[in-house]
Amino acid sequence: MAKPLLLIAGLLLMLITGCGGTNSFDPPSGVVVTSSASSIELSWKSVSSIIGYKVYRSTASGPVTTKTAIATGLTVTTFLDSSAIPGTTYYYQVTAYNSTGDSTPSPEVSATIKATPEGDTLIGGTLQGVPLTMSYKVTTIAGTAEPGSTDGTRTAAAFRNPFGITTDGKNLFVADTFNNSIRKIVISTGEVTTLAGSGDPNVSGTADGIGPAARFNAPYGITTDGVHLYVSDFYNHMIRSVEIATGTVTTLAGSATSGSSNGTGAAASFTYPRGITIDADGTNVYVADSGSRIVRRIIVATGVVSTLAGSGASGAVDATGTAATFNIPEGLTTDGTSLFLTDSANNNIRKIEIATGAVTTVAGSTTPGSIDGTGTAARFNAPSGITTDGTNLYVADSNNNTIRKIDIAGGIVTKVTGSGSAGRADGDGGIATFSHPKGITSDGANIFVADFDFSLIREIY
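Everything numeric in this text was worked out from a predicted model, so none of it was measured. Throughout, a residue's number is its position along its own chain's written sequence, starting from 1. Side-chain atom pairs in this predicted model are given and counted only at pLDDT of 80 or more, local residue features only at pLDDT of at least 70, and totals for whole chains, interfaces and linings cover all residues. As a convention, hydrogens and water are excluded, and side-chain values are obtained from all of the structure's heavy atoms.

Got a sec to walk through the pattern of salt bridges? Specific residues and values, please.
When the charged atoms of two side chains lie near each other, side chains of opposite charge can form a pair. By definition, a salt bridge exists where a carboxyl oxygen of Asp or Glu is found within 4 Å of a side-chain nitrogen of Lys or Arg. Summed over all chains, the structure comprises 17 salt bridges. With its nearest N and O atoms 2.7 Å apart, the salt bridge here joins Asp289 to Arg296. For Arg350, the salt bridge identified is with Asp343, shortest N-O distance 2.8 Å. Residues joined by salt bridges that share partners form a network here, namely Asp151, Asp176 and Arg183.

Could you give an account of the environment of Ala432, naming the residues involved and the relevant values?
In DSSP terms, a helix is any run of H or I states spanning at least four residues, a strand is any run of E spanning at least two, and both are numbered starting from the N terminus. Tracing the backbone through its elements, the reader meets Ala432 in the loop between strand 35 (412-417) and strand 36 (437-442). Counting along the chain gives 295 residues from Ala432 to Lys137, while the straight-line C-alpha distance between them is 7.6 Å. Residues are treated as being in contact if the distance between any of their heavy atoms lies within 4.5 Å. Residues within four places of Ala432 in sequence aside, it is in contact with Val138, Thr417, Gly418, Ser419, Ala425, Asp426 and Gly427.

If you had to explain the packing of aromatic side chains to someone new, which residues and values would you point to?
Pairs of aromatic rings are described using the distance from one ring centre to the other and the angle between the two planes. Aromatic rings from Phe, Tyr and Trp, with only the six-membered ring used for Trp, were paired whenever their centres fell within 6.5 Å, and each pair was classed as stacked if the ring planes differed by under 30 degrees, edge-to-face if by over 60, and tilted otherwise. Per the stated rule, a full pass over the model turns up 10 aromatic pairs. With centroids separated by 4.9 Å and ring planes inclined at 75 degrees, the aromatic side chains of Phe234 and Tyr235 adopt a geometry described as edge-to-face. Look at Phe234 and Tyr272: their rings are 5.0 Å apart centre to centre, the planes differ by 35 degrees, and that puts the pair in the tilted class. Of this pair, Phe234 sits in the loop between strand 19 (228-233) and strand 20 (238-243) while Tyr272 sits in the loop between strand 22 (263-264) and strand 23 (273-278); the two residues are 38 residues apart in sequence, bridging distant segments of the chain. For Tyr272, a relative accessible area of 35% puts it in the partly exposed group. Stacked on the ring of Phe454, the Lys or Arg Arg424 has its end atom at 5.7 Å from the ring centre. A 1.4 Å probe rolled over the protein chains alone gives each residue an accessible area, and that area as a share of the maximum for its type sets the label: buried under 20%, exposed over 50%, partly exposed in between. We call a charge positioned over a ring when the NZ of a Lys or the CZ of an Arg lies within 6 Å of the ring centre and within 35 degrees of the ring normal.

Describe the side chain of Thr271, and please don't skip the residues or the numbers.
Note on placement: Thr271 falls in the loop between strand 22 and strand 23. On the basis of relative accessibility, which here comes to 14%, the residue Thr271 falls in the buried class. Polar contacts, as counted here, are pairs of nitrogen or oxygen atoms within 3.5 Å of one another; within protein the pair requires one atom able to donate a hydrogen and one able to accept it, and residues that are adjacent in sequence qualify only if both atoms are side-chain atoms. From its side chain, Thr271 meets the backbone nitrogen of Gly259 in a polar contact 2.9 Å long. Excluding residues that lie within four positions of it along the chain, Thr271 makes contacts with His237, Ser258, Gly259, Asp289, Ser290, Gly291 and Ser292.

So what's going on with a nonpolar patch on the surface? Which residues, and what values?
Residues Phe178, Tyr235 and Tyr272 make up a contiguous nonpolar surface patch of roughly 280 Å² in combined accessible area. Classification of Phe178 by relative accessible area gives partly exposed; the value is 32%. Each patch is built from residues that are more than 30% exposed by relative accessible area and take part in no salt bridge. Like charges join if they lie within 9 Å; nonpolar side chains (Val, Leu, Ile, Met, Phe, Trp, Tyr) join within 5 Å. Residue-level accessible areas treat just the shown protein chains as cover; the underlying method is Shrake-Rupley with a 1.4 Å probe.

I'd like to hear about the sheet that holds strand 22, residue by residue, with values.
Ordered by their spatial adjacency, 5 strands build an open sheet running 22-26-25-24-23, and the pairing between neighbours is antiparallel. Among the strands making up the open sheet, the edge pair consists of strand 22 and strand 23. Here, any two strands with at least 2 DSSP bridges between them count as paired. As paired strands, strand 22 and strand 26 (residues 304-309) are joined by 2 bridges and run antiparallel to one another. Looking across to strand 26, one finds that Gly263 is bridged to Val305.

Honestly, it's all geometry; don't read function into it.
Here's what the structure looks like:
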């Protein structure tokens, strides 16, 4: 009976160790799943003495045998599922394996790519109405670390030092500043195309036209009402309009001559316009006219330009209308009632009541720094882009290489992501790095940032 018993024992051992069964080593544990606007990320604890990991996925809950292996041969304990479709819930399990087979699968986890919450409205080129809830992780949605003008998907695309960014909720639109072009990114896929402009750092101009026939000269700020884009054309001292459906570019106001004259269309003048936003009904566009140190209003239907706030003198005076002073007004956003402005050289955040032009300081002082706090006790260093969810402001604190959050009602400032060191590392909020973040917007679920130095578009989720 000894040989039959040995044979049975051997067969049992083979089954236990994976010949037609599963290995005895532990499955991956601690699986965590996080969804962003464009992908789903999984992470898990490492398993010793294995070759790699496999990730299985399905659209219905069930055992691993009902799932498809979407990744094999992984040697790291993270996986980014960028093929997930928005609105679909996915169910995942992870196994470890060695030369004898797979482990038992991990417990099942599920996730859905975030959708815009009900109640959100497009105002000023950002979705707002429901406060954002994020873990403040950072990933790169598009661009390489090298400047270029290549269309493509995600990191196959290239930008050249982009400043402005806006969204209609489904797409991002980027002022690709030193490519003299306007780019479009489909959020769900990361596909990048050129909507208008030359796409060439050496080809600039003021020509209106369709798509690549149009010319810009360092487009800087950008906003949208969902039908048109409005662009501050920095070196042309103009405000341009781009029809999203066709790529048709026209000039709304300004000419190639700098100045601060009010007037209609080309009779008005700007000096190095930067931030730009639009009110809820698309009636008025507002411009941070940085070289003139004033904030302007343009009636979209007529092109009539007027000054809402600022005397033109350099300063940090809170007052009403032209009695107030700024020092290089830059980023601009609105909640429909007020404008919020990054007053870059003053290192602070200002508020302008649209109805009256009354200017107050929300947070920061004229002293640069990187201090969280309330109101003027907080410190910024050359803040650039700004966006809002209607409850909070989010600021690209450019020289600090961080993203800051301001509770509008209380003026409480906190850093939400960015280590403070310059770089392009993705990851958790405290270890992720930016390098002079500029434009910033939100699709109602996540934040997107134009990261200037490395020519990247980053996502915070």
